[in-house]
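Commentary on secondary and tertiary structure
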Amino acid sequence: MKIEQNEIEKIAELARIRISDSEIGQVTSRITEILQMVDALQAVDTRDIEPMSNPLDETQHLRPDKVTENNRRDAFQAIAPSVENGLYLVPKVIE
Amino acid sequence: MQWECVIGLEVHLQLATQSKIFSGSPTTFGAAPNTQANAVDLAMPGMLPVLNEQAVCHAVKFGVGIGANVNKRSVFDRKNYFYPDLPKGYQISQFEAPIVGRGSFEVLMEDGSTRDIGITRAHLEEDAGKSLHEDFQGQSGIDLNRAGTPLLEIVSDPDIRNAAEAVAYLKALHRLVTYLGISDGNMAEGSMRCDVNISLRPKGSLTLGTRAEIKNVNSFRFVEKAIHHEFERQADILESGGKIVQETRLYDSDRDETRSMRSKEVANDYRYFPEPDLLPIVIDDAYIEAVSNSLPELPGEKRDRFSTHYGLSKYDASVLSDSRPLADYFESVATGCGDAKIAANWVQVELLGQLNRAETVIENCPVSAIDLAGLITRILDNSISGKIAKQVFEAMWQGEGSADEIIAAKGLQQVSDSGALETIVDDVLGANADQVKQYLEADEAKRKKLVGFFVGQVMKLSKGQANPKIVNELLVKKLV
């Protein structure tokens with residue numbers, strides 16, 4: 001399977017990764033190589049095999065519904081770039 | 001062209017838990033910003049989610065409550081998107097294998113008929129934080145207290161045909177989840193939020209049209225208005241030969257319109273994949289059975305029992321089973337006084353009337369069910385008339401005591417003693433000699449009217465305390 005450059009651009013945007021024009025050709029061909037390896041895996045007959053969502057042969061441990069965390073806002077906000085009135089400030093997300 | 005509206009609803013229900021779905025932070029509403037957001041909720045590096053058992057239990061309760069197939073093995077997935085109120089860059093949700101599969105439940109429509117609405121699926125996920133876009137020097141403020149609150153997303157089949165049905169569905173769902181006790185159902189605090197999927201097709205057609213999704217409509221009234229607006233908008237486009245664009249729209253309640261969200265945000269490509277930090281949830285038959293045995297009586301069952309067991313009308317039964325606290329209150333009154341019909345009447349007319357006027361809810365009612373039963377008992381044993389009872393009820397509402405205490409303190413006991421009543425009757429007849437003369441000369445029909453007049457005068461003089469039956473007998477005996 002070959003991936004097109006415009007698909008790489010779209011994925012990069014979704015992942016918020018900036019890929020420069022000089023890099024994009026190389027990234028495209030390297031991802032195409034990975035997909036070729038996936039093609040090789042796809043060729044294996046897996047008809048009767050249940051999809052595996054986790055390699056550990058375990059099931060999810062559940063915790064009791066109890067509050068175990070204290071308020072440590074001051075400690076967390078001390079390392080935040082910008083805070084005001086207890087809020088974390090970020091670049092404006094709505095125009 | 002006659003258009004048919006096809007609607008499917010996605011409801012995000014906040015589950016009633018003490019702590020978050022993947023962390024031990026509290027979920028209390030209204031706390032100061034970010035005081036309930038800890039390392040896991042803030043997506044600090046190296047933090048791992050641990051699943052809250054209560055969230056799983058609530059989801060299974062819902063599944064059993066709608067007769068759905070509860071999946072014994074379900075899997076969490078990552079839904080990837082970037083937004084500052086989602087610091088991990090992904091929401092932990094369920095995509096391929098949700099915990100609750102197909103089911104349905106009964107919805108009582110506006111006209112009193114009932115219809116089963118299909119549920120496609122329901123899955124567990126975490127809520128995001130809140131973005132505040134007021135001006136913080138050109139920046140947005142982020143409160144992550146809500147991040148990680150457990151949600152059950154409930155997806156309906158496209159079985160709904162108009163705004164009234166959508167509201168009926170949401171009310172029935174609200175009733176069901178509050179009966180089950182899996183959510184507080186507080187709409188104002190965002191415990192139940194709704195996305196509306198809506199498309200139009202020519203009446204009679206079976207193919208689905210292109211749909212628009214209206215996000216985050218947060219009250220029953222707004223759901224109704226948003227659907228009305230969106231129906232008109234799509235019909236206008238279709239009738240002028242245009243095409244509906246599949247998109248996400250926002251309902252603006254201030255302007256009563258829906259508008260397109262920016263195309264950038266609409267480019268939804270969530271690249272779901274299994275969440276590697278969580279193992280599959282596995283539950284067994286014994287667990288499902290235990291949950292099933294713990295379920296309370298559900299709204300439909302209660303409504304049916306109220307009408308068969310107590311002989312109430314369908315309407316009365318549905319009003320009184322509307323919420324669990326109201327239903328419990330009514331049943332205590334009915335059992336306490338032994339007459340379900342009068343109990344139903346008092347709860348619906350006097351009690352609900354007072355609650356409405358006081359703008360409060362049954363949970364805060366100042367008159368206990370036992371005290372209301374005590375009052376009705378005094379009507380039934382003829383100690384007081386229905387009219388006096390209303391006066392006593394008013395005093396009970398003001399906290400003046402039980403019915404018996406108030407009746408004794410105010411001397412409201414009905415007078416049935418014929419000696420005492422005779423004096424009053426004589427006074428009335430003496431003071432109304434003209435009417436007495438008229439009565440004696442009148443025919444049967446007119447006489448009845450005049451007796452009514454005399455009874456009224458006696459009641460007035462006795463301040464409503466005379467036993468009307470005995471007054472009647474006395475009058476007929478004396479007017480010869």
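Residues numbered from 1 in each chain as written. Chains lettered and ligands numbered in written order. Predicted model: local features only at pLDDT ≥ 70, side-chain atom pairs only at ≥ 80, totals over all residues. Heavy atoms only, no water.

A few points about the overall build of chain B
Test applied: Working definition: helices are DSSP H or I runs of at least four residues, strands are E runs of at least two. Numbering for both runs from the N terminus. Our radius of gyration is a C-alpha quantity, and the globule rule it is checked against amounts to 2.2 Å times the number of residues to the power 0.38. Each residue's exposure class comes from its accessible area (1.4 Å probe, protein chains only) as a fraction of the maximum for that residue type: buried when under 20%, exposed when over 50%, partly exposed otherwise. It only takes one pair of heavy atoms within 4.5 Å for two residues to be counted as in contact. Charged-residue counts in this description rest on Lys and Arg as positive and Asp and Glu as negative, His and the chain ends being excluded. A single reference atom marks each charge: NZ on Lys, CZ on Arg, CG on Asp, CD on Glu.
Looking only at helices and strands, chain B features 16 helices and 16 strands. Taking 480 residues into account, the globule formula puts the C-alpha radius of gyration at 23 Å, and chain B, at 30 Å, lies well above it. When its C-alpha atoms are laid out on the principal axes, chain B stretches across 95 × 55 × 55 Å. For chain B, the proportion of its 480 residues judged to be buried stands at 50%. Expressed as a percentage of contacts within chain B between residues at least 6 apart in sequence, the contacts between residues at least 24 apart total 69%. Seen as two clouds, the 51 positive and the 68 negative side-chain charges of chain B have centres 3 Å apart.

Some remarks on the pairing of strand β8 (residues 130-136) of chain B
All names here are of chain B. Going by this rule: Between any two strands, at least two bridges found by DSSP are needed for them to pair.
Taken together, the four bridges between β8 and strand β9 (residues 139-143) define a ladder with antiparallel strand orientation. Considered in β9, the bridge of S131 is made with I142. Taking the residues that link successive antiparallel strands as the turn, the β8-β9 hairpin has two residues, and the phi of Q137 there is positive, at about 50°.

Describing the pairing of strand β7 (residues 114-126) of chain B
Residues and elements named next belong to chain B. Pairing of strand β6 (residues 103-108) with β7 involves six bridges; the strand directions are antiparallel. Paired with L108 across the two strands is T114, which belongs to β7. Linking β6 to β7, which pair antiparallel, is a turn of five residues; within it G112 sits at a positive phi near 90°. Where β7 meets strand β10 (residues 150-156), seven bridges bridge the pair, whose relative direction is antiparallel. Within β10, the residue paired with E126 across the bridge is P150.

A closer look at helix α11 (residues 386-397) of chain B
All names here are of chain B. So the rule is basically this: Take the number of residues in a helix, subtract one, and multiply by 1.5 Å to get its expected span.
Here α11 spans 16 Å end to end across 12 residues, near enough to the 16 Å set by a 1.5 Å rise per residue. All buried positions along α11 are accounted for by I388, A389, V392, F393, A395, M396 and W397. For α11, the elements touching its buried residues are α9 (340-357), α10 (369-380) and α12 (403-410). Looking one or two residues beyond α11, the residue adopting positive phi is G399, at roughly 80°.

Comments concerning the side chain of R201 of chain B
Here is the rule: Counted as a polar contact is a pair of N or O atoms within 3.5 Å, where, for protein atoms, one must be capable of donating a hydrogen and the other of accepting one, and residues adjacent in sequence contribute only when both atoms are in side chains.
Position of R201 of chain B among the secondary structure elements: in strand β11 (residues 192-202). A polar atom in the side chain of R201 of chain B sits 3.2 Å from the backbone oxygen of L206 of chain B.

Considerations on the packing of α9 of chain B against α10 of chain B
All names here are of chain B. Our working definition: Axes here refer to lines fitted to C-alpha atoms; in helices the fit is confined to the stretch in contact. Angles between the N-to-C directions go from 0 to 180 degrees. Throughout this description, any angle smaller than 35 degrees is read as roughly parallel, any larger than 145 degrees as roughly antiparallel, any in the 65 to 115 degree range as roughly perpendicular, and the remainder as oblique. Should the near helix be turned anticlockwise from the far one by less than a right angle, the crossing is termed left-handed; should it be turned clockwise, right-handed.
Two elements in contact, α9 and α10, have axes whose closest approach is 11 Å; the angle formed by their N-to-C orientations is 125°. Our classification of the angle between α9 and α10 gives oblique. In the packing of α9 onto α10, the handedness of the crossing is right-handed. Along the contact surface, α9 presents I342, A343, W346 and V347, while α10 presents L372, L375, I376, I379 and L380.

Notes on a nonpolar patch on the surface
Residues and elements named next belong to chain A. Note the cut-off: The patches described consist of residues with a relative accessible area above 30% and no salt bridge, like charges being joined within 9 Å and nonpolar side chains (Val, Leu, Ile, Met, Phe, Trp, Tyr) within 5 Å. Using a 1.4 Å probe, the Shrake-Rupley method yields the accessible areas, and only the shown protein chains count as cover for residues. Salt bridge, as used here, is a side-chain nitrogen of Lys or Arg placed within 4 Å of a carboxyl oxygen of Asp or Glu.
Nonpolar side chains collect at one region of the surface, where I31, I34 and M37 lie side by side and expose about 280 Å² of accessible area between them. Summarising the element assignment, M37 is placed in helix α2 (residues 21-42). Since its relative accessible area comes to 53%, M37 is described here as exposed.

Overview of the sheet that holds β9 of chain B
If you walk across this open sheet you meet the four strands as β2(A)-β3(A)-β9(B)-β8(B), and the pairing is antiparallel. In the strand order of this sheet, the two ends are held by β2 (83-84) of chain A together with β8 of chain B, each with one partner. Sheet topology note: the strand β3 (residues 87-91) of chain A/β9 of chain B ladder contains four bridges and is antiparallel. Opposite V90 of chain A, over in β9 of chain B, you have S140 of chain B as the bridge partner.

Remarks on the packing of aromatic side chains
Residues and elements named next belong to chain B. Where we set the bar: The criterion for an aromatic pair is that two Phe, Tyr or Trp rings (for Trp, the six-membered ring) have centres within 6.5 Å, with stacked assigned to planes under 30 degrees apart, edge-to-face to planes over 60 apart and tilted to the rest. Put simply, a charge is over a ring when the Lys NZ or the Arg CZ is close to the ring centre, within 6 Å, and near the line of the ring normal, within 35 degrees.
Counted according to the given criterion, the structure contains 12 aromatic pairs over all chains. Ring geometry for F222 against Y251: centres 5.8 Å apart, planes inclined by 50°, an arrangement best described as tilted. Of the two residues, F222 is situated in helix α3 (residues 220-239) and Y251 in strand β13 (residues 247-252); the sequence distance between them amounts to 29 residues. What links up through ring pairs into an aromatic cluster is the set Y81, F95, Y270 and Y272. Taking NZ or CZ as reference, R78 lies 3.9 Å from the ring centre of Y90, over its face.

Some points on the sheet that holds strand β12 (residues 212-217) of chain B
All names here are of chain B. The sheet built from eight strands is open, its strands ordered β6-β7-β10-β1-β11-β12-β13-β14 with mixed pairing. Bordering the open sheet on either side are β6 and β14 (257-260), each of which pairs with just one other strand. Pairs of neighbouring strands in the sheet enclose a mean axial angle of 30°, with direction left out of account. Lying over the sheet, helix α2 (residues 163-180) contacts β1 (3-14), β6, β7, β10 and β11, oriented at roughly 110° with respect to β6.

Observations regarding the nonpolar core
Taken as a class, soluble globular proteins show a tendency for nonpolar side chains to be buried jointly. Residue and element names in this part refer to chain B. Keep this limit in mind: Remark: nonpolar core denotes a set of buried residues (Ala, Val, Leu, Ile, Met, Phe, Trp, Tyr, Cys) joined through side-chain atoms within 4.5 Å.
Residues F62, L124 and Y169 are the most contacted members of the largest nonpolar core, which totals 66 residues. Sort the elements by how many residues they give to this core and α2 lands first, with 10 residues. The contact partners of F62, leaving out residues within four places of it in the chain, are A122, L152, I154, L173, L176, V177, L180 and I182. Membership of the second largest hydrophobic core comes to 41 residues, among which are Y310, L326, A343 and F393.

Digging into the domain arrangement of chain B
Selection criterion: Domain delimitation in this document rests on an assignment produced automatically or drawn from a domain database.
Partitioning chain B into structural domains gives domain 1 (3-290), domain 2 (297-410) and domain 3 (418-478). Spacing between the C-alpha centres of domain 2 of chain B and domain 3 of chain B amounts to 33 Å.

Quick notes on the interface of chain A and chain B
A common way to state how big an interface is: give the accessible area lost once the parts meet. Put simply, the rule reads: Accessible area, probed at 1.4 Å, shrinks when two parts are joined; the buried area is that loss added up over both.
Chain A puts 40 residues into the contact, and the matching count from chain B is 54 residues. Roughly 4,000 Å² of surface becomes buried between chain A and chain B when both sides are summed, with 57% attributable to carbon and sulfur atoms. The three residues of chain A that bury the most area against chain B are Q60, R63 and D65 of chain A, which together make up 18% of that side's buried surface. Here chain A is connected to chain B by one salt bridge. Between K10 of chain A and D269 of chain B there is a salt bridge, with its nearest N and O atoms 3.1 Å apart. At the boundary of chain A with chain B, the tally comes to 21 residue pairs in polar contact (both at pLDDT 80 or more). Residue assignment for the side of chain A that touches chain B shows that the elements contributing at least two residues are α1 (5-14), β1 (62-63), α3 (73-78) and β3 of chain A. With five residues, the single largest contributor to the side of chain A that touches chain B is β3 of chain A.

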